[in-house]
Structure formats: C-alpha cells, structure tokens
Amino acid sequence: MSHTLVDTLVLKLTALLEQIGATADNHLWLGYSGGMDSELLAYTLARFRETHPKTPYQISLVHVHHGLSRNADAWAAHCRQRAEHYGLNFVLRKVQLELGPRVSIEAEARRARYQAIAELLNPGDILLTAHHQDDQLETLLLALKRGQGPKGLAAMGQAQHLAQTPREESAPCWQLRPMLDSSRAQVEQAVASLELPYINDESNQDTQYDRNFLRAEVIPVLKQRWPSIATTASRSAALCAEQQLLLDEVSAEKLQPLLCRCRFSGVRVLDSAGLKVLSPQWQAQLLRQFIQMQRLPLPAQVQLQQALAQLLDAREDAQLELSFKGLLLRRYGQQIYAMAPLPGAAFQLLDSAGSAEDVAARLSKLTLSQKQLQALSQGQSLSVGLTSPWQRLELTLADSGPRVALAQVMAPLMASLSAPLMASIPASQGTKVQPSDAAAPELVMGLKGSYRCQPHNRDKGRELKKLWHELGVPPWLRDRVPLLMQNGRLLALAGGFVERSALASGAEPGIVLKLVAEATS
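Procedures and definitions
- Here the residue index of a chain counts from 1 through its sequence in written order.
- For this predicted model, a pLDDT threshold of at least 70 governs which residues receive local features, and a threshold of 80 or more governs which side-chain atom pairs are given and counted, while totals over whole chains, interfaces and linings are taken from all residues.
- Side-chain measures were taken over the full set of non-hydrogen atoms in the model, leaving aside hydrogen atoms and water.
- With axes taken as lines fitted to C-alpha atoms, and helix axes fitted only over the stretch in contact, angles between N-to-C directions fall between 0 and 180 degrees.
- Strands here are runs of E lasting at least two residues and helices are runs of H or I lasting at least four, both read from the DSSP assignment and numbered beginning at the N terminus.
- In this scheme, roughly parallel covers angles under 35 degrees and roughly antiparallel covers those over 145, while 65 to 115 is roughly perpendicular and the rest are oblique.
- We call two residues in contact whenever any of their non-hydrogen atoms come within 4.5 Å of each other.
- Lys, Arg, Asp and Glu make up the charged group, whereas Ala, Val, Leu, Ile, Met, Phe, Trp, Tyr, Cys and Pro make up the nonpolar group; the residues left over, Gly among them, are polar.
- The span one expects for a helix is its residue count, reduced by one, times 1.5 Å.
- Bend, at a single residue, is the angle you get between axes fitted to the 7 residues ending at that residue and the 7 residues starting at it.
- Think of it in three bands: with a 1.4 Å probe and only protein chains considered, a residue is buried below 20% of the maximum accessible area for its type, exposed above 50%, and partly exposed in between.
- Only strands joined by at least two bridges in the DSSP assignment are considered to pair.
- Stacked, edge-to-face and tilted labels apply to pairs of Phe, Tyr and Trp rings (six-membered ring for Trp) whose centres lie within 6.5 Å, assigned for plane angles under 30 degrees, over 60, and everything in between, in that order.
- Sitting over a ring, as applied to charges here, requires NZ of Lys or CZ of Arg to be within 6 Å of the ring centre and within 35 degrees of the ring normal.
- pLDDT runs from 0 to 100 and stands for how confident the predictor is about each residue.
- Any N or O atom pair separated by 3.5 Å or less is treated as a polar contact, with the protein-specific requirement of one donor-capable and one acceptor-capable atom, and with residues adjacent in sequence counted only for side-chain atom pairs.
- The arc in question is the one spanned by the directions pointing from the helix axis to the C-beta atoms.

Caption draft 1: Quick peek at the packing of helix 9 (residues 229-255) against helix 11 (residues 280-293). Taken N-terminus to C-terminus, the directions of helix 9 and helix 11 make an angle of 90 degrees; their axes are 10 Å apart at the nearest point. Considered as vectors, helix 9 and helix 11 are oriented roughly perpendicular to each other. In this structure, helix 9 uses L247, D248, V250, S251, A252, K254 and L255 to contact helix 11, whose residues at the interface are W282, Q285, L286, Q289, F290 and M293. Across the contact of helix 9 with helix 11, the residue classes break down as 8 nonpolar, 3 polar and 2 charged.

Now the structure itself:
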C-alpha cells in the first residue's frame, strides 16, 4: 500500500507539473513542517527525483520556525537531518509573529509562514504543500462557519497561482497539492508502512484551535455517519471552484471598462460613476474583485456594503477614507482607490544595483553631496529609494524636455572651486548664478499648499495646492512627492513640473526627476 500510494503521488506530481508547463528551470519548494503529511511528501520528492533523472529539478525543503513551542529548535534540527537523509536541499526560516488581542495564532502563523516562503521564491517557482482530502474537508467546514461564498467554499485546488508572490510582473508562482485526493487514513498507513519518523506537534492536540477541534471532535462523528463525506465534500468544493471560475470570467469582463489609472501615480483605480449605475449585487461583486486584484484582504460582507454606500454616495469633492485591517478604501473625485496602509514617507539612497546602500538609513530630507552632483554632471544617474506607491526616484542628465538647469544644481560645487568661475556660469532665462546661491540642492517632501510656484508651462504663478489638484495628485500623496529645493526655493516637483526660473533653455544640459512606480499588474 505504501509504495502504491507513493507511486501514485509521483504520477500525480508529474501530471501537475506538466499541467502548468513546468521545466527544470522552476525550483520546487516543499513547505516542510516535518509532520506526518509533509514527511510523506518529502519522501515522495526523493522518489520523484530518482524516477526523473532527465528532468533535474532543483528541490528544496523549507522549514519555518515559528518560535511557538519549546521544541521548535529540535524540530528544525530534525527537518535538517531528514533533508540530508533524502539528499534534498534544506532552508530554515525563522519568523516573528505579530500577536495581540483578537489575533488568531493559527491565522497569524499561517500568514507569517507563507510570507517567509514567498520571500524565497523567484518567478515561476513552485510551492508544494502536503494538504490531503481531510484537510480539504476542514477548510470547507471553516468556510461555512465564516459564512463565505463560492470562492471560500471552493477551498483548495490542486494547482493554483500562489497569492503571495513578490514580483507580479514576472511569471507567476504556483502552489501544487499532489496529495489532495488522498485521505488521512491512506497517509497514516503509508507512513507507518515506510516507518518514516515524523514530528508530533503537541499543539495539534489543543482543541481551542478551530482545525484541531474539527479534526478531533467533529469530523470523526461525521465520518461515522457518512464514511465518504471527505470525498463528497471535495466534490462540492470542486463544483464551487467551477462556479467561481465562471463568475470571475464574467466579473472581469464587467470590471474592465470601469478600470483606469491615477494620472499622477499610475495606480489602478475604479470609476465610481460607472459602478453606481449597476445593480447592488454587481456593485459588491466588482468592488470585491477590484480589491482582490490589488492582492488586498477583503472586509467582512457588512463592512463591504457600508463601504459601498459611502463610496458611491459621497460628494465629488469629498476626500473619503475607510480603514479596515490591512486595507484602505479611498475616493478622490470620481475614482475609488484600494491600497494597503502606507508606510512613512522617506528617502533611501540606492546603489548601482538598485539595493539600499544602508537599509537602516531612511531620510526625511536628502542633501545632494558634491560627489553626487559631480556624478550627475558627468551623465551618471542617481537613484533614490522611495516608499509606496513609488519604488524610486531617478535623477538623470538630459539636453531636451523640461529639466532643471545643470548650472543651477551645480552652483555649490562650482562655488567650492572658484567663486568668479561660478558667477560666470549662465543660468536659465538669461540670469547669472550668484555665489550667494551656492547652497546644496535638497530632496524634500511636504511643502505648504500656500507656496507659490510658476511651472515651466504656465505664464503666471499659482499656489501649490491648486497645482496639486490640476496634476491629479490625491491628497494623501502630496506629502510623499519628492521636491528638489535650493535655498528654500522650489526647483522641480518630481513627475510634475520644473519651476520656470530654474528651467534649462535651448540645448543646455539639465536634470530630469523621474518617478518610477511600483510594479502593478
């Protein structure tokens, strides 16, 4: 029986890999707790590698150390030893759980575990998990308990795109569950027959956790009355998944005309006017789909209905913000925004590879050094890390388009060399750069709305607060947009305009400030 099940699992894994078009370039990762289920799958992977010598997949077992048990270190050591026994790579990740009032330890451990694994994955990588048919029944019962709809009742699929992947613009990562058709009894019998050593987590006996309660108190009673309930429940989950797939296809067609981009930040937004003319059922469905498209957590059904009422009935000039766990819904003008809570705005210097030079150095203001100014004047770009919704700010040299005159930003460097030489450098608009102007330019965020500017494309000056509105910058982003300043005077607003008095003329070289957005799908 044991070898029969393992052989079946090897065939199932082979079929799933063929189904998703996997190649030897795709790294296989097993979420490896060392428990009975993942131990059998680890054994199966060793057999899989033996039977597929011409497809040399890289296979790794990844164990997540949650720090919840006094035995956690011993479990990690056991998993490492078993990986060596199988001849498979082993990776250990330790996580810190964010626990507190009303926080489920089960849910937080799962979140931290998947996040830790996701950070290891490259585009196209494949995560294997040892969920079986009885796990599927537990998931379905928990979905019913929570009042979830078809998507929740669809439970787990054998092959799904992994929700938590770090690079959406690249090939998707997959999650495969080759044991989903196998029962717990079959797994237990196979492990016993093969005499595989495995970890018994003492917390599995604690019925204060929902899954343990179902496993110990509920499912045995259900199986006593209906022995095939795990099989039939899996069939129901598959039918719900089919229905949800059809609903997703129709929803995507109805949602597409309502999607556009914020013209300043480029993030995806939802047209509230177009949503309002639809039926309440479609309003709720499309808002859910829009939130999930951003890979954000959904609010509860009642919260979603209340949010819809406020988002659709708000005045056009209202600046509405609704906060939920891990989700902000905002409206600006006719556009609805769904986003995660924004981290504090800061600058971070990046090296040539795009990595932070000092991870801990997050600056509210960045003064450009003489070394950086000289590099810019020689045609080298300067990258500065930003926080959401942008990835970085790039300063580059150009000789066309709106740009800050190089003579303007180079003034402090020239002053350090020769004051007479600096005074001879022609500035834009026919003026001269004076020694008194030789303060180093700074990148800052946040400027009073009453500050008066004259953009390069306007004949007259205007208050910044009115220019924000003209540029379509949502209010919550206005203190996050990088500004190039010198001597307290605005030179340029990144992604917006160059101050007219600092504008390079003709073919005069100048500095362009370009905002690079985070990757969006």
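Caption draft 2: Examining helix 8 (residues 210-225) more closely. In this model helix 8 runs 21 Å from its N-terminal to its C-terminal C-alpha over 16 residues, within 8% of the 22 Å that 1.5 Å per residue would give. Along helix 8, the sharpest change in direction is near 40 degrees and occurs at V218; proline P220 comes one to four residues later. Considered for burial, the residues of helix 8 that qualify are N212, L214, I219 and L222. Among the structural elements, helix 5 (133-145) and helix 9 are those in contact with the buried residues of helix 8.

Caption draft 3: Representation of the sheet that holds strand 7 (residues 259-261). Across the sheet, 5 strands lie side by side as 7-8-11-10-9; this open sheet has antiparallel pairing. Edge positions in the open sheet fall to strand 7 and strand 9 (319-324), since each of these has one partner strand only. With direction set aside, neighbouring strand axes in the sheet form an average angle of 30 degrees. The sheet contact formed by strand 7 and strand 8 (residues 268-271) spans 3 bridges and is antiparallel.

Caption draft 4: Representation of the packing of aromatic side chains within the structure. A full pass over the atoms with the stated rule returns 4 aromatic pairs. Residues F48 and Y57 carry aromatic rings whose centres are separated by 5.8 Å and whose planes lie at 45 degrees to one another, so their mutual orientation is tilted. Take F48 and Y57: they sit in the same class, and that class is buried. A ring pair is formed by Y337 and W476, whose centres lie 4.9 Å apart and whose planes are at 85 degrees; its orientation type is edge-to-face. Remark: W476 occurs in the loop between helix 17 (464-471) and strand 20 (482-486) and Y337 occurs in strand 11 (residues 335-339); sequence separation between them is 139 residues. Like Y337, the residue W476 is buried in the burial classification. When the ring centre of W282 is taken as reference, the NZ or CZ atom of K254 above it lies at 5.0 Å.

Caption draft 5: Here's a closer look at the confidence of the model for the protein chain. Per-residue pLDDT for the protein chain averages 88, and the proportion of residues at 70 or more is 90%. When the criterion is pLDDT under 50, residues 419-437 qualifies, and its contacts beyond four places in sequence or with other chains add up to 35 contacts.

Caption draft 6: Spatial organisation of the side chain of T129. With respect to the helices and strands, T129 occurs in the loop between strand 4 (126-128) and helix 5. Here H131 takes part through its side chain, which lies 3.1 Å from a polar atom of the side chain of T129. Of the polar contacts made by the side chain of T129, one reaches the side chain of Q175; its length is 3.2 Å. Ignoring anything within four residues of it in the chain, the contact list for T129 reads L41, Y114, Q175, L176, R177 and P178.

Caption draft 7: Here's a closer look at the pairing of strand 17 (residues 442-445). In terms of strand pairing, strand 13 (residues 366-367) meets strand 17 through 2 bridges, oriented antiparallel. Each residue of the ladder has a partner; that of L366, found in strand 17, is L443.

Caption draft 8: Structural context of helix 12 (residues 301-313). End to end, helix 12 covers 18 Å across 13 residues, agreeing with the expected 18 Å (1.5 Å per residue, within 8%). What helix 12 keeps buried is the set L304, A307, L308, L311 and L312. Along the axis of helix 12, the buried residues cluster in a sector spanning 115 degrees; they form a single face. Facing away from the buried side of helix 12 by more than 90 degrees, the exposed set consists of V302 and D313. Buried residues along helix 12 sit against helix 10 (272-276), helix 11, strand 9, strand 10 (327-332) and strand 11.

Caption draft 9: Examining the sheet that holds strand 6 (residues 174-176) more closely. Strand order in the open sheet formed by 6 strands is 3-2-1-4-6-5, and the pairing between neighbours is mixed. The open sheet has two free edges, formed respectively by strand 3 (89-94) and strand 5 (159-161), since each of these has just one partner strand. Sheet twist, expressed as the mean angle between neighbouring strand axes with direction ignored, is 25 degrees. In terms of strand pairing, strand 5 meets strand 6 through 3 bridges, oriented antiparallel.

Caption draft 10: How the structure looks around the pairing of strand 10. The buried fraction of strand 10 is high, at 6 of 6 residues. Along strand 10, one buried face is formed by L327, L329 and R331 and the opposite face, lined by L328, R330 and Y332, is buried too. Here 6 bridges tie strand 9 to strand 10, and the two strands are oriented antiparallel to one another. Residue pairing across strands places F324 opposite L327, the latter belonging to strand 10. What sits between the antiparallel neighbours strand 9 and strand 10 is a turn of 2 residues, in which G326 has the positive phi angle 75 degrees. Pairing analysis gives 5 bridges linking strand 10 to strand 11, with the strands arranged antiparallel. By the bridge assignment for strand 11, Y332 is matched with Q335. The hairpin formed by strand 10 and strand 11 contains 2 residues between the paired strands, and G333 there has a positive phi angle of roughly 65 degrees.

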